[in-house]
Amino acid sequence: MSDRTALITGITGQDGSYLAEHLLELGYRVYGVVRRSASENFWRIAHIRNDIELIHGDLLDQSSLDQAVLRSEPDEVYNLAAQSFVPTSWEQPLLTGEFTGLGVTRILESLRRLDKEARFYQASSSEMFGRVREVPQTELTPFHPRSPYGCAKAYGHFITVNYRESYGMHACSGILFNHESPRRGLEFVTRKITHTVARIKYGLATELRLGNLDARRDWGFAGDYVRAMHLMLQQEAAGDFVVASGETHSVREFAELAFAEVGLDWQDHVVQDPGLIRPAEVDLLVGEPRKAREQLGWSTTVDFAGLVKMMVQADLEWIERQRNKRERLP
Ligand code: NAP
Ligand code: GDD
């Protein structure tokens, strides 16, 4: 049993839910910052709802972040909250900058003024590499972001490094490559594919509309990646770490494997939709996680094929449960 306390922003998101589970298993007391909403969005944390404490707050509101820090008195703070969907960042570039960029400074400011000893994790992103300057990408690869989201994340990364260097804070930036799971939002390409595959299998849909099939990503399992976040904050010295599988696959390959999982041919169902092509694309991401492996002792437990299978199977089960629920309705 640990006597440590963690504060997580973005606890209702994919990573927040896996990280909270992991920290609870390690014996942490876990607090989460949640936005007030007319209708609660707690489905990812419903199973641990009684084991964690939720505090209302918003990355736009400094005083609510101060209160969250004062109330939780954290040893470790994980800043996972962000506007995280890349296409939305072209529709709402200013809001994305406020949440995903300046929001990092707000929480760092709360810590600098109120709890400088707390260790800080910033959820940085491989999206910062954008039009990649080298393959594979390491902690030293220069950034060339290709979206307002990527630009905001680059700001969040550098302000984290700056607070470490300016104030001696234990502030880490985890440069995480794409990581997925059955808890992934439905708008991201992997979950969009696996959810639609399951719908097609059950006769609820016939086609899957996708944008760029040639884009390549380094995909891993979110449950593995949150362990790296925690390991970073256990190091004596804070630093930056690339967290990736080291493999790259195209959207086409992901779709092909997902349809094959249910005995279907992707070419019979996938339709390319020019409306889904982005104003500027990140064509190829592949990370070099050597530093995380060697310094953190981190490794993955789920490979690409295992991830696709896990997500398709979970979506098949999810649709089955929905159908049963509907059949039981009076
Ligand atoms: P996600 O599922 O989209 O979750 C985002 C979380 O941020 C949600 O809990 C959301 O709350 C919260 N949030 C958004 N705006 C907020 C605000 N203004 N104030 C307080 N909370 C706010 O994202 P994820 O996939 O778990 O990713 C976690 C973090 O890692 C994000 O920062 C993301 O940009 C970054 N990242 C993700 C990946 C990946 O592949 N998943 C890779 C690299 C970096 P609501 O539930 O209220 O919307
Ligand atoms: N979302 C989506 N929908 N993407 C599509 C589609 C589609 O219908 N068709 C093709 N794609 C391509 C996109 O153009 C992109 O190249 C790739 O699939 C992955 O898109 P997303 O799953 O939306 O993820 P992302 O790579 O843009 O961003 C995710 O990973 C980042 C880390 O690199 C998000 O989780 C970010 O928050 C994260 O920082």
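Residues numbered from 1 in each chain as written. Chains lettered and ligands numbered in written order. Predicted model: local features only at pLDDT ≥ 70, side-chain atom pairs only at ≥ 80, totals over all residues. Heavy atoms only, no water.

1. Quick look at the sheet that holds strand β11 (residues 240-243)
Link 1 in the chain: Within the open sheet, the seven strands sit side by side as β3-β2-β1-β4-β5-β6-β11. Their pairing is parallel. With one partner strand each, in any of the chains shown, β3 (52-56) and β11 form the two edges of the open sheet. Taken pair by pair, the neighbouring strands of this sheet meet at an average axis angle of 20°, ignoring direction.
Link 2 in the chain: Relative to β11, strand β6 (residues 171-176) is paired through four bridges, and the arrangement is parallel. Residue pairing for β11: Gly-174 is matched across the bridge by Phe-241.
Link 3 in the chain: The strands touched by helix α5 (residues 148-167) are β5 (119-125), β6 and β11; relative to β5, the strand with the most contacts, the crossing angle is about 155°. (Pairing = 2+ DSSP bridges. Helix = DSSP H or I, 4+ residues; strand = E, 2+ residues; numbered from the N terminus. Axes fitted to C-alpha atoms, helices over the stretch in contact; angles between N-to-C directions. Contact = heavy atoms within 4.5 Å.)

2. Some details on the site of ligand 2
Link 1 in the chain: Around ligand 2, the structure places 24 residues, and the nearest of them are Ser-125, Ser-126, Tyr-149, Arg-278 and Glu-281.
Link 2 in the chain: One of the side-chain nitrogen or oxygen atoms of Ser-126 is found 2.6 Å away from an oxygen atom of ligand 2.
Link 3 in the chain: The contact in question runs from a nitrogen atom of ligand 2 to an N or O atom on the backbone of Glu-187, over 3.0 Å.
Link 4 in the chain: Across the complex, the protein chains shield 95% of the 720 Å² of accessible surface that ligand 2 would expose by itself.
Link 5 in the chain: The residue makeup of the shell around ligand 2, split by class, is 10 nonpolar, six polar and eight charged.
Link 6 in the chain: Looking at which domains feed residues into the shell around ligand 2, each of domain 1 (5-180 + 220-243) and domain 2 (189-217 + 248-284 + 303-328) supplies at least three. (Near = heavy atom within 4 Å. Polar contact = N/O pair within 3.5 Å; in protein donor to acceptor, adjacent residues only side chain to side chain. Areas by Shrake-Rupley, 256 points an atom, 1.4 Å probe, with all protein chains shown as cover. Nonpolar A, V, L, I, M, F, W, Y, C, P; charged D, E, K, R; others polar. Domains from an automatic or database assignment.)

3. What about the packing of helix α1 (residues 14-25) against helix α7 (residues 222-233)?
In a pair of packed helices, the angle between the axes and the distance between the axes together describe the arrangement.
Link 1 in the chain: Here α1 crosses α7 at 65°, and the two axes come no closer than 9 Å. Pair α1 / α7 crosses with right-handed handedness. Contacts between α1 and α7 involve Gln-14, Asp-15, Tyr-18, Leu-19, His-22 and Leu-23 on the former and, on the latter, Ala-222, Gly-223, Val-226, Arg-227, Met-229 and His-230.
Link 2 in the chain: Tallied by class, the residues present in the contact of α1 with α7 amount to six nonpolar, four polar and two charged. (Left-handed = near helix turned anticlockwise from the far one by under 90°.)

4. Topic: the site of ligand 1
Link 1 in the chain: Not every one of the 24 residues close to ligand 1 is listed here, only the nearest: Thr-12, Asp-15, Arg-35, Ser-84 and Tyr-149.
Link 2 in the chain: Measuring from an oxygen atom of ligand 1, one finds a side-chain N or O atom of Thr-12 at 2.6 Å.
Link 3 in the chain: Within the side chain of Asp-58, one N or O atom sits 2.9 Å away from a nitrogen atom of ligand 1.
Link 4 in the chain: Protein coverage of the free-state accessible area of ligand 1, which is 910 Å², stands at 89%.
Link 5 in the chain: Elements that contribute at least two residues to the shell around ligand 1 include exactly α1, β5 and α5.
Link 6 in the chain: Along the lines of polarity and charge, the residues of the shell around ligand 1 split into nine nonpolar, 10 polar and five charged.

5. Let's talk about the domain arrangement of the protein
Link 1 in the chain: Taken domain by domain, the protein comprises domain 1 (5-180 + 220-243) and domain 2 (189-217 + 248-284 + 303-328).
Link 2 in the chain: Measuring from the centre of the C-alpha atoms in domain 1 to the corresponding centre in domain 2 gives 28 Å.
Link 3 in the chain: Looking at the side of domain 1 facing domain 2, the largest losses of area belong to Trp-90, Arg-146 and Glu-180, adding up to 43% of the total buried there.
Link 4 in the chain: At the boundary of domain 1 with domain 2, the tally comes to zero salt bridges.
Link 5 in the chain: Taken together, the connections running from domain 1 to domain 2 amount to two residue pairs in polar contact (both at pLDDT 80 or more).
Link 6 in the chain: The set of elements that each furnish at least two residues to the side of domain 1 that touches domain 2 consists of α3 (86-91) and β10 (220-221).
Link 7 in the chain: When the residues that make up the side of domain 1 that touches domain 2 are grouped by side-chain class, the tally is six nonpolar, four polar and three charged. (Buried area = accessible area lost by both parts, 1.4 Å probe. Salt bridge = Lys/Arg side-chain N within 4 Å of Asp/Glu carboxyl O.)

6. Thoughts on the side chain of Arg-217
Link 1 in the chain: Tracing the backbone through its elements, the reader meets Arg-217 in strand β9 (residues 216-217).
Link 2 in the chain: Residue Arg-217 is classed as buried on the basis of its relative accessible area of 9%.
Link 3 in the chain: Within the local environment of Arg-217, its side chain forms a polar contact with the backbone oxygen of Val-282, the two atoms lying 2.8 Å apart.
Link 4 in the chain: Setting aside its immediate chain neighbours within four residues, Arg-217 contacts Glu-127, Asn-178, Glu-247, Thr-248, His-249, Glu-281, Val-282, Asp-283 and Leu-285. (Buried < 20%, exposed > 50% of the residue type's maximum accessible area, 1.4 Å probe, protein only.)

7. Here's the deal with the environment of His-144
Link 1 in the chain: Relative to the helices and strands, His-144 resides in the loop between β5 and α5.
Link 2 in the chain: A relative accessible area of 26% means that His-144 is categorised as partly exposed.
Link 3 in the chain: For the pair His-144 and Met-128, spaced 16 residues apart in sequence, the C-alpha to C-alpha distance is 6.2 Å.
Link 4 in the chain: In contact with His-144, not counting residues within four places along its chain, are Met-128, Phe-129, Gly-130, Arg-131 and Arg-133.

8. Quick look at the nonpolar core
Link 1 in the chain: Ile-8, Ile-11, Tyr-78, Tyr-121, Ile-193 and Met-232 are the most contacted members of the largest nonpolar core, which totals 60 residues.
Link 2 in the chain: In terms of domain composition, this core takes at least three residues from each of domain 1 (5-180 + 220-243) and domain 2 (189-217 + 248-284 + 303-328).
Link 3 in the chain: Sequence-distant contacts of Met-232, that is, excluding residues within four places in its chain, are made with Tyr-121, His-170, Cys-172, Ser-173, Gly-174, Leu-176, Phe-241, Val-243 and Leu-296.
Link 4 in the chain: Ranked by size, the runner-up nonpolar core spans 20 residues in total, among them Ile-55, Ala-81, Leu-111 and Tyr-163. (Core = buried A, V, L, I, M, F, W, Y, C linked by side-chain atoms within 4.5 Å.)

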